[in-house]
Amino acid sequence: MRQTINFSVDAKLRDNLRTKFQFSASQSETNAYYTGVNPEDYALNTSRILGPDEWYIINEAKAYFQLDDGSAIRRDIRYNFLNELEHTGNENKNTKFQITGNLIWNITPEIKYELTTAFTRNSSEANVWADDHSYAVSKIRGANYGELVTGESDSWLTLASVLPYGGILNYNSTNQQSYTVRNQLNYGKLLDREGDHALNVALGHEVRGNSYIGQSGVEYGYMPNRGKSVDYNYSQQANKYYVLSIYKDCNYRETANVPAYNDRHSTTLTDQIENYMSFYATLGYSYASKYTLSFSFRQDASNKFGQNTNNRFNPVLSAGVRWNVSEENFMRQFGWLSNLTLKASYGSQGKAPDISPYLITNFNIAPDILTGDQFLSIKNLPNKDLKWEKTKSFNGGIELSILNDRIYGSIDFYYKKTVDAITYVNIPIENGTPNMAINNGSIINKGYDVSLTVIPIQTKDMRWSINATSGFNRNEVKDNEDNATLEKITNGSVIIDGFALNSFWSFPYIGLSDQGVPKFAIIDQTPGTKTRVESGTLLDYMIYSGVKDPVFSGGLSTSFRYKQFTLSASFNFQLGHHKRLNPFMRSQATSGGIGQLRIPDPEKNASKELNKRWRQPGDEKYTNIPAILSSDENLANYLPDNSLSLSNNGEIYRYQMYNLSDLRVVKANHLRCNNICLTYALPRDILDQIRLSNLTFALTVTDPFVIKSKGLGKQDPETLSTDATTIIPVVDRQRKFSLSISLGF
């Protein structure tokens with residue numbers, strides 16, 4: 001549900017004084033789904049043999065109770081999707097209002113003063129909850145609702161369970177306020193009688209600020225049907241010593257597979273203020289509408305810099321030139337040329353770090369496991385020498401129009417160099433945190449943007465237009481260091497000197513063994529034995545797979561009108577990038593150190609690719625789909641740098657490496673048709689008779705087709721990633737048909 005109010009007043013106070021006031025307010029309330037509870041995902045992932053009312057057991061970690069004699073109390077916990085929908089929720093409320101005011105005072109014909117003020121307030125509340133009847137709570141409780149205690153002999157489980165009563169509440173409330181005050185004085189004058197020389201000057205001052213105040217956290221014992229109350233004793237539940245003090249003979253040791261203490265109860269307070277102040281000046285001169293020169297200066301200041309206050313200010317300059325060549329006398333002989341303009345600019349800009357300049361610590365509620373004392377941990381370590389991230393850019397372009405604007409377009413080239421780029425680097429752990437933000441290295445971006453419109457046919461009853469836009473970008477990192485982890489290397493978030501941003505690497509796959517196990521270069525090069533990769537780093541061992549974002553992209557639209565009928569279509573294309581195919585199975589490490597291959601669960605849909613898997617010796621000659629085995633193999637000791645492991649325990653398994661191998665990398669080039677639309681507009685003479693200004697009927701098809709690289713199969717190139725950590729069902733985009741009627745009075 002959404003309500004919106006808009007109000008605007010524009011008043012002329014005097015002949016030379018005008019004011020405008022605008023007010024807008026909106027409020028929206030939505031009810032979404034709890035984490036992991038989504039009807040569409042459930043329908044895509046769940047086997048069709050399960051009925052809607054059927055309860056079943058999911059193969060995943062659940063709480064259980066370990067005893068001193070080595071045995072354990074485990075309960076079968078059942079799942080039903082309809083029950084989960086009924087006993088979970090995700091409630092959101094957003095409120096926003098904005099006030100803006102403008103004052104324009106024409107002091108003289110040449111001098112004008114403008115005052116602009118704006119104030120915005122946004123507030124949001126979100127409550128994501130699950131009650132005690134839900135599976136989300138039952139697997140933490142260690143039993144289905146009402147089945148934790150079966151009799152007097154196990155009544156102690158009400159204390160041993162982390163969550164015997166009530167549910168879970170995740171809450172988040174945020175209030176954000178922003179303001180802007182800008183004063184600007186404009187001077188504009190024609191310097192001669194003929195009006196050939198024009199001068200424009202602007203001086204301005206701007207102050208703006210943002211403040212964020214919020215609170216978020218997790219609470220156990222939430223009861224939505226009892227006044228939305230919370231009732232939970234954090235000092236007693238699953239506390240071994242407390243349980244044994246009440247039930248001395250229960251033989252209880254610990255409750256396993258439960259969230260950590262900090263995940264059961266946490267509170268995060270947000271109190272952030274951002275202030276900016278700017279002074280600016282612009283100067284523009286033009287002659288005979290042919291030549292234009294412009295200059296600008298801006299001085300920005302921010303409170304995001306701490307002790308070294310000399311870094312708070314950042315002066316930026318820019319200059320531009322424009323030449324309307326088609327207005328020259330020597331161009332008048334080319335009657336077919338409607339417009340030819342050359343333009344160029346050079347300038348700089350700055351970006352303040354999105355990092356607090358102050359030391360921020362976390363107060364840990366859970367005591368230290370060694371000392372038993374509560375302690376502080378560093379959340380943000382400030383860098384007193386942090387500076388603005390600065391970008392210098394050069395832009396050049398051409399605007400062209402010919403044949404009475406039947407063909408027109410533009411091409412713009414750019415070269416940007418960012419210095420003092422802000423990145424995180426590793427620092428000695430004795431500083432209290434493993435990394436810190438610094439100004440480190442530079443980034444070069446270069447490319448071009450092209451726009452072209454062609455009108456092949458234009459008559460009274462018929463018109464056909466074609467519009468195309470495209471962009472090309474190349475970037476490269478220089479003199480930069482990064483905390484290179486295997487996760488960053490394989491998902492395209494690492495920064496490596498000499499490579500483009502969004503570059504990613506893959507493990508070198510060389511085929512399947514005669515047992516259907518994926519093999520990798522060097523490690524499995526010698527039959528019957530494994531060889532450690534001795535030389536180079538892990539990055540040297542891996543294969544560069546390209547960039548994950550498009551290098552070349554654009555759009556295409558066309559419209560054909562014949563009398564009252566119009567047929568239009570729009571397309572977009574992306575080229576030059578690569579993605580990983582969705583994994584159809586994955587490796588899952590366990591506490592025992594053996595990575596068990598995650599065979600598809602019986603209640604889940606499985607990929608059809610598994611029908612092509614290795615099943616018997618000799619199949620490795622015809623397939624690259626590994627066998628389904630009972631266990632996986634940790635290859636961490638055979639790689640050159642185990643510190644880059646995906647696992648906290650330093651484990652890297654074969655099936656992880658297979659999903660992150662070059663075999664699973666494909667080109668993501670594609671052309672997508674966004675929509676095709678056929679419209680009919682009622683003729684003017686009929687509209688006059690029925691007293692309407694317009695009446696239009698439209699039939700639209702959305703996402704009718706896509707042309708893509710063969711290697712993608714049925715997978716959508718716009719939903720794929722480079723992580724290869726989530727098994728996403730392969731589903732074609734829904735082709736939507738809609739009929740609309742638009743009328744005006």
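A. Spatial organisation of the overall build of the chain. If you tally the helices and strands in the chain, you get 10 helices and 37 strands. Principal-axis analysis of the C-alpha atoms places the extent of the chain at approximately 105 × 70 × 65 Å. A total of 745 residues make up the chain; the buried ones form 37% of that total. Pairs at least 24 apart in sequence give 69% of the contacts found in the chain among residues at least 6 apart. With an accessible surface of roughly 41,800 Å², the chain has 53% of that area assigned to carbon and sulfur atoms. Put simply, the chain has 76 plus and 76 minus side-chain charges, and the middle of one group is 7 Å from the middle of the other.

B. Spatial organisation of the packing of aromatic side chains. What the rule picks out here adds up to 20 aromatic pairs. Geometrically, the ring pair formed by Tyr 509 and Phe 520 is edge-to-face, given 6.4 Å between the ring centres and 75° between the ring planes. Placement of Tyr 509 in strand S26 (residues 509-512) and of Phe 520 in strand S27 (residues 518-520) is noted, with a sequence separation of 11 residues between them. Summarising the burial analysis for this pair, Tyr 509 and Phe 520 share the class buried. Taking 6.3 Å as the distance between ring centres and 55° as the angle between the ring planes, the aromatic pair formed by Phe 571 and Phe 705 counts as tilted. With Phe 571 in strand S30 (residues 565-575) and Phe 705 in strand S36 (residues 694-708), the pair connects residues that are 134 residues apart, well separated along the chain. Taking the relative accessible area as the measure of exposure, Phe 571 reaches 18% and is therefore buried.

C. Inspection of the confidence of the model for the chain at higher detail. Taken residue by residue, the chain gives an average pLDDT of 86. The fraction at 70 or more is 91%. Contacts from residues 589-596, a stretch scored under 50 in pLDDT, to residues over four places away or in other chains number 21 contacts.

D. Summary view of the sheet that holds strand S12 (residues 252-256). Spatially, 3 strands are ordered S5-S4-S12 in an open sheet, and the strand pairing comes out antiparallel. If you trace the sheet from one side to the other, it starts and ends with strand S5 (72-73) and S12, each paired once. Pairing of strand S4 (residues 64-67) with S12 involves 4 bridges; the strand directions are antiparallel. Across the sheet, Phe 65 pairs through a bridge with Thr 255, a residue of S12.

E. Region of the structure containing unusual backbone geometry. Of note, Ser 289 is a non-glycine position whose phi angle comes to about 55°, a positive value. Ser 289 gets classed as exposed once you look at its relative accessible area, which sits at 59%. One non-glycine residue, Asp 703, adopts positive backbone phi at about 55°. By the secondary structure assignment, Asp 703 is in strand S36. Owing to a relative accessible area of 18%, Asp 703 belongs among the buried residues under this scheme.

F. Highlighting the pattern of salt bridges. In this structure the tally under the stated criterion is 21 salt bridges. Across the pair Glu 60 and Lys 139 runs a salt bridge, and its minimum N-O distance is 3.2 Å. In this pair, Glu 60 is assigned in the loop between strand S3 (56-57) and S4 and Lys 139 in helix H3 (residues 135-141), connecting sequence segments 79 residues apart. Glu 60 sits in the partly exposed class, given a relative accessible area of 33%.

G. Here's a closer look at the nonpolar core. Of all hydrophobic cores here, the largest spans 29 residues; its most connected members are Phe 507, Phe 520, Leu 538, Tyr 541, Met 542, Leu 639 and Met 657. Elements that contribute at least two residues to this core include exactly helix H7 (486-491), S26, helix H8 (538-541) and helix H9 (654-659). Considering each element in turn, this core owes the most residues, 3 residues, to H9. Leave out the neighbours within four places in its chain, and Met 542 touches Leu 486, Ile 489, Thr 490, Trp 505, Ser 506, Phe 507 and Pro 508. In terms of nonpolar packing, the next biggest core, distinct from the first, is built from 21 residues, Leu 50, Ile 58, Phe 81 and Ile 140 among them.

H. The side chain of Arg 654, seen in detail. Assignment of secondary structure puts Arg 654 in helix H9. Classification of Arg 654 by relative accessible area gives buried; the value is 5%. Beyond its immediate stretch of four places on either side in the chain, Arg 654 contacts Val 517, Pro 518, Lys 519, Phe 520, Asp 524, Lys 530, Asp 632, Glu 633 and Leu 635.

I. Spotlight on the environment of Ser 607. For Ser 607, the position within the fold is in the loop between strand S33 (595-598) and H9. When its relative accessible area of 28% is taken as the criterion, Ser 607 is described as partly exposed. Placed 23 residues apart in sequence, Ser 607 and Phe 584 show a C-alpha to C-alpha distance of 5.8 Å. In terms of polar contacts, Ser 607 uses its side chain to reach the backbone amide nitrogen of Glu 609, at 3.0 Å.

J. Inspection of the environment of Val 494 at higher detail. Turning to its location among the elements, Val 494 is positioned in the loop between H7 and strand S25 (503-506). Taking relative accessible area as the criterion, Val 494 reaches 3% and is therefore assigned buried. Between the C-alpha atoms of Val 494 and Ala 136, which are 358 residues apart in sequence, the distance is 35 Å.

K. Representation of the pairing of S26 within the structure. Two elements, S26 and S27, share 3 bridges in a ladder whose sense is antiparallel. Bridge pairing in S27 links Tyr 509 to Phe 520. With antiparallel pairing between neighbouring strands as the criterion, S26 and S27 make up a hairpin whose turn holds 5 residues, including Gly 516 at a positive phi of roughly 80°.

L. Structural context of the state of the cysteines. Throughout the structure, instances matching the rule amount to 0 disulfides. Unpaired in this structure, Cys 677 has its nearest cysteine sulfur neighbour in Cys 673, at a distance of 11 Å.

M. Quick peek at a nonpolar patch on the surface. A surface patch of nonpolar side chains, amounting to about 1,000 Å² of accessible area, comprises Trp 464, Phe 560, Tyr 562, Phe 565, Leu 567, Ile 676, Leu 678, Leu 699, Phe 705, Ile 707 and Leu 739. Put simply, the parts of the chain that give the nonpolar patch at least two residues each are strand S29 (552-562), S30, strand S35 (670-681) and S36. As for its placement among the helices and strands, Leu 567 is situated in strand S30. In this structure Leu 567 comes out as partly exposed when scored by relative accessible area, which is 44%.

N. Inspection of the environment of Asn 659 at higher detail. Along the chain, Asn 659 falls in helix H9. Classification of Asn 659 by relative accessible area gives buried; the value is 6%. Each C-alpha atom, one on Asn 659 and one on Leu 581, is 8.2 Å from the other, the two residues being 78 residues apart in sequence.

O. Fine view of the side chain of Gln 184. Along the chain, the position of Gln 184 falls in strand S9 (residues 167-190). A distance of 2.8 Å separates polar atoms of two side chains, one belonging to Gln 184 and the other to Asn 186. Within polar-contact distance, the side chain of Gln 184 engages the side chain of Tyr 280 at 2.7 Å. In this view, Gln 184 contacts Lys 112, Tyr 113, Glu 114, Ala 202, Leu 203, Gly 204 and Tyr 280; residues no more than four positions away in its chain are not counted.

Definitions and limits used
Residues numbered from 1 in each chain as written. Predicted model: local features only at pLDDT ≥ 70, side-chain atom pairs only at ≥ 80, totals over all residues. Heavy atoms only, no water. Helix = DSSP H or I, 4+ residues; strand = E, 2+ residues; numbered from the N terminus. Buried < 20%, exposed > 50% of the residue type's maximum accessible area, 1.4 Å probe, protein only. Contact = heavy atoms within 4.5 Å. Areas by Shrake-Rupley, 256 points an atom, 1.4 Å probe, with all protein chains shown as cover. Lys, Arg positive; Asp, Glu negative; His and termini not counted. Charge placed at Lys NZ, Arg CZ, Asp CG, Glu CD. Phe/Tyr/Trp six-rings, centres within 6.5 Å; stacked < 30°, edge-to-face > 60°. pLDDT = per-residue confidence, 0-100. Pairing = 2+ DSSP bridges. Salt bridge = Lys/Arg side-chain N within 4 Å of Asp/Glu carboxyl O. Core = buried A, V, L, I, M, F, W, Y, C linked by side-chain atoms within 4.5 Å. Polar contact = N/O pair within 3.5 Å; in protein donor to acceptor, adjacent residues only side chain to side chain. Disulfide = S-S within 2.5 Å. Patch = residues over 30% accessible without salt bridge, like charges linked within 9 Å, V, L, I, M, F, W, Y side chains within 5 Å.

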